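Listed below are the residues making up each chain.
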Amino acid sequence: AELLADPALYERCQALADEIDHGRREIMSKEARVAELKQELEERGEELEQSKIAQEHGAACIGALQHRAALYEHQNAANNKQFEKSHHDMCLKLAQAQLETCEALDTVGAKKLDALALRRDEL
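This one's a predicted model, so the numbers in the text were calculated from it and none came from an experiment.

How each quantity is defined
Residues numbered from 1 in each chain as written. Predicted model: local features only at pLDDT ≥ 70, side-chain atom pairs only at ≥ 80, totals over all residues. Heavy atoms only, no water. Helix = DSSP H or I, 4+ residues; strand = E, 2+ residues; numbered from the N terminus. Rg over C-alpha atoms; globule rule 2.2 N^0.38 Å. Buried < 20%, exposed > 50% of the residue type's maximum accessible area, 1.4 Å probe, protein only. Areas by Shrake-Rupley, 256 points an atom, 1.4 Å probe, with all protein chains shown as cover. Salt bridge = Lys/Arg side-chain N within 4 Å of Asp/Glu carboxyl O.

1. A few points about the overall build of the protein
Thinking step 1. In terms of regular secondary structure, the protein is built from two helices and zero strands.
Thinking step 2. Over its C-alpha atoms the protein spans a radius of gyration of 52 Å, topping by over 25% the 14 Å that the globule rule assigns to 123 residues.
Thinking step 3. Overall, the protein is about 175 × 15 × 15 Å in size when its C-alpha atoms are taken along their principal axes.
Thinking step 4. Going through the 123 residues of the protein one by one, you find that 0% of them count as buried.
Thinking step 5. Here the protein displays about 11500 Å² of accessible surface, and carbon together with sulfur accounts for 59% of that area.

Encoded structure:
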């Protein structure tokens, strides 16, 4: 009743009520913005975590590929040594076969010479 009797007091109360209402709307707007920023921060945190995991996975893949390359290099060196040994063994066998062929030809030649000598002696 006192508010209705004093128009200035009523206007002042109305202005305060408007100010309070405006403050509430401002607070609600700022709370909504805080919620948006919090959501953006959480999403960015998830993106960074995924990026970190992807980076770690990439580093692990690179490490595995480097290890595999070193293994292939080692295997290639071992294969080259094995090939060289096989080639050396084959060359030794070939030389042995050539020696045996030469010895056989020498034996055949000697027998032919012996046979010729016997014929001459018989004549």
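2. Details of the pattern of salt bridges
Thinking step 1. Per the counting criterion, the structure on display carries five salt bridges.
Thinking step 2. Of the charged contacts, one joins Lys-30 and Glu-26 as a salt bridge, the two residues approaching to 3.8 Å between their closest N and O atoms. Taken as a pair, Lys-30 and Glu-26 lie in helix 2 (residues 7-122) at a separation of four residues, close to a single helical turn.
Thinking step 3. Between Arg-33 and Glu-36 there is a salt bridge, with the nearest N and O atoms lying 3.1 Å from each other. In this pair, Arg-33 and Glu-36 are both assigned in helix 2, three residues apart and thus about one turn of the helix distant.
Thinking step 4. A relative accessible area of 41% means that Arg-33 is categorised as partly exposed.

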